[in-house]
Amino acid sequence: MAAVSVDFDALESKGDIAHLYLADGSAPITGRSFGANTSAKGEVVFNTGMVGYPEALTDPSYRGQILVLTFPLIGNYGVPDEGIKD
């Protein structure tokens, strides 16, 4: 089987550059944001699930927290259509 080479620089980046500043004064963590283009502060919490991310993003129990989704393929297949009910 031949090795596959991916030019990550050629991939389209989406979202604005965002910085996460921690209270301990360490160097900021840089990534890309989505959603409202605004500053926010709160407790950083992690969701390590492989499924259920649309539900996690709208879960009211995360109010006032910064939700970090850790599964690397989040969003690759889109999110459910709002018009379709389970």
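Cut-off values and rules
- Residues numbered from 1 in each chain as written.
- Predicted model: local features only at pLDDT ≥ 70, side-chain atom pairs only at ≥ 80, totals over all residues.
- Heavy atoms only, no water.
- Helix = DSSP H or I, 4+ residues; strand = E, 2+ residues; numbered from the N terminus.
- Buried < 20%, exposed > 50% of the residue type's maximum accessible area, 1.4 Å probe, protein only.
- Contact = heavy atoms within 4.5 Å.
- 1 Å grid on protein atoms, 1.4 Å probe; cavity = no way out; pocket = protein on both sides within 12 Å on 5 of 7 lines; lining within 4 Å.
- Points joined across faces, edges and corners; volume = space filled by probe spheres on them.
- Nonpolar A, V, L, I, M, F, W, Y, C, P; charged D, E, K, R; others polar.
- Pairing = 2+ DSSP bridges.
- Polar contact = N/O pair within 3.5 Å; in protein donor to acceptor, adjacent residues only side chain to side chain.

### Quick look at the overall build of the protein
Next, step 1: Summing up its helical and strand segments, the protein has one helix and four strands in all.
Next, step 2: Residue burial in the protein is summarised as follows: out of 86 residues, 5% are buried.
Next, step 3: Considering only intrachain contacts with a sequence separation of at least 6, the fraction spanning at least 24 residues in the protein is 16%.

### Things to note about the layout of surface pockets
Next, step 1: A volume near 1,700 Å³ is recorded for the largest pocket.
Next, step 2: For the largest pocket, the lining is made up of 40 residues, of which A18, R32, S33, F34 and L67 are closest to its centre.
Next, step 3: Those elements that provide at least two residues to the lining of the largest pocket are β1 (17-20), β2 (29-32), α1 (53-58) and β4 (65-69).
Next, step 4: Counting residues per element, the lining of the largest pocket draws most heavily on β4, at five residues.
Next, step 5: Looking at side-chain class alone, the lining of the largest pocket contains 21 nonpolar, 14 polar and five charged residues.

### Some details on the environment of V44
Next, step 1: Assignment of secondary structure puts V44 in strand β3 (residues 43-47).
Next, step 2: Aside from chain neighbours lying at most four places away, what touches V44 is L20, I66 and V68.

### Thoughts on the side chain of N47
Next, step 1: Its place among the elements puts N47 in strand β3.
Next, step 2: A residue is classified by how much of its surface remains accessible, and N47, at 17% relative accessible area, is buried.
Next, step 3: If near-sequence neighbours (up to four positions away) are discounted, N47 is found in contact with A56, Y62, L67, V68, L69 and T70.

### A look at the pairing of β3
Next, step 1: Sheet analysis places β3 next to β4, joined by five bridges and oriented parallel. Among the inter-strand pairings, V44 is bridged to a residue of β4, identified as I66.

### Describing the environment of D24
Next, step 1: If you trace the backbone, D24 turns up in the loop between β1 and β2.
Next, step 2: On the accessibility criterion, D24 (63% relative accessible area) is exposed.
Next, step 3: Polar side-chain contacts of D24 include one of 2.7 Å to the side chain of S26.

### A few points about the environment of Q65
Next, step 1: In this fold, Q65 is placed in strand β4.
Next, step 2: Put simply, Q65 and E43 are 22 residues apart on the chain and 4.8 Å apart in space, counted from C-alpha to C-alpha.
Next, step 3: Look past the residues within four positions of Q65 in its chain and what remains in contact with it is E43 and V45.

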